[in-house]
Amino acid sequence: MSYLNQPVTPAVKIAGRQEKFAVRRVYCVGWNYEEHIREMGQEPEREPPVFFMKPPDALVPNGGLIPYPTATQNLHYEVELVVAIGRSAKDIATSAAKEIIYGYAVGLDMTRRDLQAHAKKNGQPWALAKGFDHSAPISAIHPARDIGHPLSGSIWLEVNGKRRQDGDLSRMIWSVPEIIQHLSGYFELFPGDLIFTGTPAGVGAVVQGDQLRGGIEMIDTLEITLG
Ligand code: MN
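Overview of the structure.

The rules behind each value
Residues numbered from 1 in each chain as written. Predicted model: local features only at pLDDT ≥ 70, side-chain atom pairs only at ≥ 80, totals over all residues. Heavy atoms only, no water. Helix = DSSP H or I, 4+ residues; strand = E, 2+ residues; numbered from the N terminus. Rg over C-alpha atoms; globule rule 2.2 N^0.38 Å. Buried < 20%, exposed > 50% of the residue type's maximum accessible area, 1.4 Å probe, protein only. Contact = heavy atoms within 4.5 Å. Donors = N, O, S within 2.8 Å, 3.2 Å for Na, K, Ca; no water. Salt bridge = Lys/Arg side-chain N within 4 Å of Asp/Glu carboxyl O. Core = buried A, V, L, I, M, F, W, Y, C linked by side-chain atoms within 4.5 Å. Phe/Tyr/Trp six-rings, centres within 6.5 Å; stacked < 30°, edge-to-face > 60°. Lys NZ or Arg CZ within 6 Å of the ring centre and 35° of its normal. Pairing = 2+ DSSP bridges.

### Re the overall build of the protein chain
The secondary structure content of the protein chain amounts to five helices and 18 strands. The C-alpha radius of gyration computed for the protein chain amounts to 17 Å, which stays within 12% of the reference 17 Å derived for 227 residues, consistent with globular compactness. With the C-alpha coordinates aligned to their principal axes, the bounding extent of the protein chain is approximately 55 × 40 × 35 Å. Within the protein chain, the fraction of its 227 residues that count as buried is 49%. Within the protein chain, residue pairs in contact and separated by at least 24 positions form 76% of the contacts whose partners lie at least 6 positions apart.

Here is the structure:
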């Protein structure tokens, strides 16, 4: 049996639809809520947004089990609004950004915080800290034509039933249209692209057996178990 030449396209469920959302790329924004920047020991300044990427096959569906990753003693959760892109665009203005949004989901940007701290200190990239296997749990995508474009609403996360993150989408430093404007200046966006838009304050470590439950008002609730 050969495993060559059999590419698998990761896909995410679409709420209320039979078809799935075939994923092309997973972009992420760092530092997008002031209180989270402060808890990470930095002062918020309105510098251009920081982008990094995760491999599309790091996505894990809602209800899934993720193994505790190798090479870390400090695995953190970060609950985030995820934007799903439905049309291609390059260098798009904030006023037109909504037109290319297919929908929204709840995601977790799982992070090897110890490796990220090491990378930051040494001016190294974040790939090992952010782009590992199973690092991107995601709920179903909810089409904007069903739920509209959420500008505010609570974004929260519980570990074993205890509330740890409690923010509001309205507190983002860079709004979704501004993120799309910046990102599309660096990369041509295409249908199938996902953008994780940053996490509010309250990040912390999890251990084997922990139950993570994160949600965004009017979008969805995402449940993941750490194996
Ligand atoms: Mn993040």
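### Considering the coordination of the manganese ion
Taken together, Glu78 (OE), Glu80 (OE) and Asp109 (OD) make up the protein donors of the manganese ion, found 2.0 to 2.1 Å from the metal. Expressed as a motif, the donor residue spacing for the manganese ion is E-x1-E-x28-D.

### Side note on the pattern of salt bridges
Two side chains bearing opposite charge may form a pair once their charged atoms approach each other closely. Under the defined criterion, the tally for this structure stands at 13 salt bridges. Residue Lys54 pairs with Asp109 through a salt bridge whose shortest N-O separation is 2.8 Å. With Lys54 in strand β4 (residues 50-54) and Asp109 in the loop between β9 (101-108) and β10 (111-112), this pair connects stretches of sequence that are 55 residues apart. The exposure class of Asp109 is buried, given its relative accessible area of 0%.

### Structural notes on the nonpolar core
If you look at the biggest cluster of nonpolar residues, it comprises 44 residues, and the most contacted ones within it are Met110, Ile180 and Ile195. Mapped by element, the contributors of at least two residues to this core are β3 (26-30), β7 (75-77), β8 (79-85), β9, β13 (154-159), α5 (176-186), β17 (211-216) and β18 (220-226). The residues contacting Ile180, other than those within four sequence positions of it, are Val83, Ile85, Ile92, Ala97, Ile100, Ile101, Leu189 and Ile195. Residues Ile14, Cys28, Leu59 and Leu194 belong to the second largest nonpolar core, which totals 19 residues.

### Focus on the pairing of β8
Among the seven residues of β8, seven are classified as buried, and the element is accordingly described as predominantly covered. Here β8 shows two buried faces, one formed by Val79, Leu81, Val83 and Ile85 and the other by Glu80, Val82 and Ala84.

### Topic: the packing of aromatic side chains
Enumeration over the complete set of coordinates arrives at five aromatic pairs. Here the aromatic rings of Trp31 and Trp126 are separated by 6.2 Å at their centres, their planes lie at 80°, and the arrangement is edge-to-face. Of the two residues, Trp31 sits in the loop between β3 and α1 (34-39) while Trp126 sits in the loop between α2 (113-122) and α3 (127-130), which places them 95 residues apart along the sequence. Judged by its relative accessible area of 15%, Trp126 is buried. Ring geometry for Phe51 versus Tyr186: centroids 6.3 Å apart, planes at 65°, classification edge-to-face. Here Phe51, found in strand β4, pairs with Tyr186, found in helix α5; they are 135 residues apart in sequence, far enough to count as distant. Site record: aromatic cluster; members linked through ring pairs are Trp31, Phe52 and Trp126. The positively charged end of Lys54 is found above the aromatic ring belonging to Phe132, 5.9 Å away from the centroid.

### Looking at the environment of Pro61
Mapped onto the secondary structure, Pro61 falls in strand β5 (residues 59-61). Not counting chain neighbours up to four residues away, the residues in contact with Pro61 comprise Ile138 and Ile224.

### Details of the pairing of β18
Judged from the two bridges that link them, strand β6 (residues 65-66) and β18 form a sheet pairing that is parallel. By the bridge assignment for β18, Ile66 is matched with Leu226. Linking two consecutive strands that pair antiparallel, namely β17 and β18, is a turn of three residues; a positive phi of about 70° is found at Met218 within it.

### Notes on the sheet that holds β17
The strand order across the open sheet built from five strands is β6-β18-β17-β13-β14, with neighbouring strands paired in mixed fashion. The sheet is open, and its two borders are formed by β6 and β14 (162-168), each paired with just one other strand. Bridge count between β13 and β17: five bridges; the pairing is antiparallel. Residue Ile155 lies in a different strand from β17, and its bridge partner there is Ile216.

So, to be careful, I would describe these as geometric facts and stop short of saying anything about function.
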